[in-house]
Amino acid sequence: VFPSGGVILAFVVSFIIFVVRYYHQRRESQRLRHQMLQQERQARETVEAKNEQIQALNEQLQDENLRLAAELEITERIQRMILPSAEELRSIAGLDLAGYMQPADDVGGDYYDVLQREGTVAISIGDVTGHGLESGLVMLMTQTAVQALLHSGETDPVRFLNTLNRTIYNNVQRMASDKNLTLCLLDYRSGELKLSGQHEEMIVVRRDGTVKLVDTIDLGFPIGLESEIAPFINQTTVHLQPGDGVVLYTDGITEAENESQEQYGLERLCEVVSRHWLQSAEGIKDAVVADVRGFIGEGEIYDDITLLVLKQK
């Protein structure tokens with residue numbers, strides 16, 4: 001029995017519909033596959049472009065790091081170059097002097113200087129808040145301004161410190177910085193030591209090793225913190241005999257911590273100074289530095305360390 005014409009026609013139509021759907025689905029599948037491949041290619045190209053951008057940024061960052069490292073190295077070298085040399089300190093008649101400074105970072109915010117002028121020895125020591133490049137820049141400004149005022153012949157402590165303060169204050173404001181510093185100025189002439197400015201307590205040591213502390217809190221005001229500090233500036237005088245002297249320092253010494261987070265402290269500093277006072281200024285300086293280093297041990301140095309020892313011959 002042969003199928004009727006209607007059945008055959010229905011079969012043919014069904015077959016044609018099947019073939020059409022098949023090829024339509026195949027084309028759609030190919031289109032989707034092509035679209036996916038195109039999306040994958042675009043994604044790969046995007047990733048490659050991003051990788052190139054990252055590579056370029058890494059290279060730029062490396063260049064910036066190298067440039068910054070070079071700038072830090074230059075600033076550090078300048079800081080060390082402007083410190084008084086051992087030869088300068090030895091050339092000062094009537095005094096035995098030794099100084100030491102170790103920054104916590106490549107660039108420090110501590111400062112000291114010694115300058116002879118017309119029979120007077122001008123000594124200064126300061127400590128800028130924080131440490132690093134910005135503190136180092138303020139330190140360099142301070143050293144330059146102090147030198148300029150000394151060479152101009154300014155001797156009045158109120159005018160000296162007030163002018164210095166206005167200079168540093170204006171620069172700090174321009175920098176949009178919050179940096180300021182403690183600073184003491186000492187004028188020495190023929191056994192008379194005049195002290196002005198606010199800093200750490202000054203250690204006065206007599207020939208027999210007896211220690212006395214001079215508080216500087218009422219002798220000045222932090223430099224660069226306010227625009228006008230003249231009302232806060234005062235001066236005190238200490239008389240020295242042969243064998244007497246003073247020790248100046250920054251809080252990087254007294255606040256140095258050991259591995260148990262104990263601070264070195266002013267009492268220990270005075271004890272070490274007193275015990276080694278019969279040595280030269282250089283010997284006393286070396287003894288203090290060795291003791292501080294031994295105290296810190298493997299601990300981290302958190303702040304700049306500065307020490308200045310002065311003995312009258």
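Counting starts from 1 at the beginning of each chain's written sequence and moves along it residue by residue. Whole-chain, interface and lining totals are the exception, using all residues; otherwise, since this is a predicted model, local features are given only for residues with pLDDT of at least 70 and side-chain atom pairs are given and counted only at 80 or more. Side-chain metrics rest on all non-hydrogen atoms present in the structure, leaving aside hydrogens and water.

1. Considering the packing of helix α6 (residues 266-275) against helix α7 (residues 281-296)
Okay, so step 1: Remark: α6 packs on α7, axes separated minimally by 9 Å, with the N-to-C direction vectors making an angle of 140°. When the interaxial angle is binned, α6 and α7 end up oblique. The two elements α6 and α7 cross, and the hand of that crossing is right-handed. Contacts between α6 and α7 involve Arg268, Leu269, Val272 and Val273 from the former and Ala287, Val288, Asp291 and Phe295 from the latter.
Okay, so step 2: As a working rule, the residues Ala, Val, Leu, Ile, Met, Phe, Trp, Tyr, Cys and Pro are called nonpolar, Asp, Glu, Lys and Arg charged, and the rest polar, with Gly in that last group. Taken together, the residues that form the contact of α6 with α7 break down as 6 nonpolar, no polar and 2 charged. Here an axis means a line fitted to C-alpha atoms, over the contact stretch when the element is a helix, while the angle between two N-to-C directions is reported on a 0 to 180 degree scale. Put simply, DSSP H or I for four residues or longer makes a helix, DSSP E for two residues or longer makes a strand, and each gets a number counted from the N terminus. Oblique is the label for any angle not covered by the other classes, which are roughly parallel (under 35 degrees), roughly antiparallel (over 145) and roughly perpendicular (65 to 115). Left-handed describes a crossing whose near helix is turned anticlockwise from the far helix by less than a right angle; the clockwise case is right-handed. Two residues form a contact once any of their heavy atoms are found within 4.5 Å.

2. Quick look at the sheet that holds strand β3 (residues 120-128)
Note on sheets: strands pair through backbone hydrogen bonds, and any given pair is parallel or antiparallel.
Okay, so step 1: Spatial ordering of the open sheet is given by β2-β3-β4-β5-β8, a layout of 5 strands whose pairing is antiparallel. Among the strands making up the open sheet, the edge pair consists of β2 (110-117) and β8 (235-239). Taken over all neighbouring pairs, the strand axes of this sheet differ in orientation by 15° on average, direction set aside.
Okay, so step 2: Sheet analysis places β2 next to β3, joined by 8 bridges and oriented antiparallel. From the neighbouring strand, Tyr112 faces β3, where its bridge partner is Ile125.
Okay, so step 3: Along the sheet face, helix α3 (residues 133-151) touches β2, β3 and β4 (181-189) and points at about 15° away from the line of β2. Here the rule is simple: two strands pair whenever DSSP picks up at least two bridges between them.

3. Section: the sheet that holds strand β9 (residues 245-249)
Okay, so step 1: The sheet built from 5 strands is open, its strands ordered β1-β10-β9-β6-β7 with antiparallel pairing. Two strands in the sheet have a free side with no partner beyond their single neighbour: β1 (95-102) and β7 (211-214). Between one strand and the next, the sheet's axes are offset by a mean angle of 15°, whatever the strand orientation.
Okay, so step 2: Bridge analysis of strand β6 (residues 202-205) against β7 gives 4 bridges, and the strand direction is antiparallel.

4. A word on the packing of aromatic side chains
Okay, so step 1: Centres within 6.5 Å make a pair out of two Phe, Tyr or Trp rings, where for Trp the six-membered ring is used; the pair is then stacked when the planes are under 30 degrees apart, edge-to-face when over 60, and tilted otherwise. Considering all chains together, one arrives at 2 aromatic pairs under this definition.
Okay, so step 2: Both rings, one in Tyr264 and one in Phe295, keep their centres 5.4 Å apart while their planes meet at 80°; by these two values the pair is edge-to-face. Here Tyr264 is found in the loop between α5 (251-254) and α6, whereas its partner Phe295 is found in helix α7, with 31 residues between them in sequence. Side by side, Tyr264 and Phe295 carry an identical accessibility label, which is buried.
Okay, so step 3: Only Lys NZ and Arg CZ are tested; either one counts as a charge over a ring when it is within 6 Å of the ring centre and within 35 degrees of the ring normal. One Lys or Arg, Lys311, reaches over the ring of Trp277 and ends 4.9 Å from the middle of that ring. Type-normalised accessible area, obtained with a 1.4 Å probe on protein chains alone, sets the label of each residue: buried when under 20%, exposed when over 50%, and partly exposed for intermediate values.

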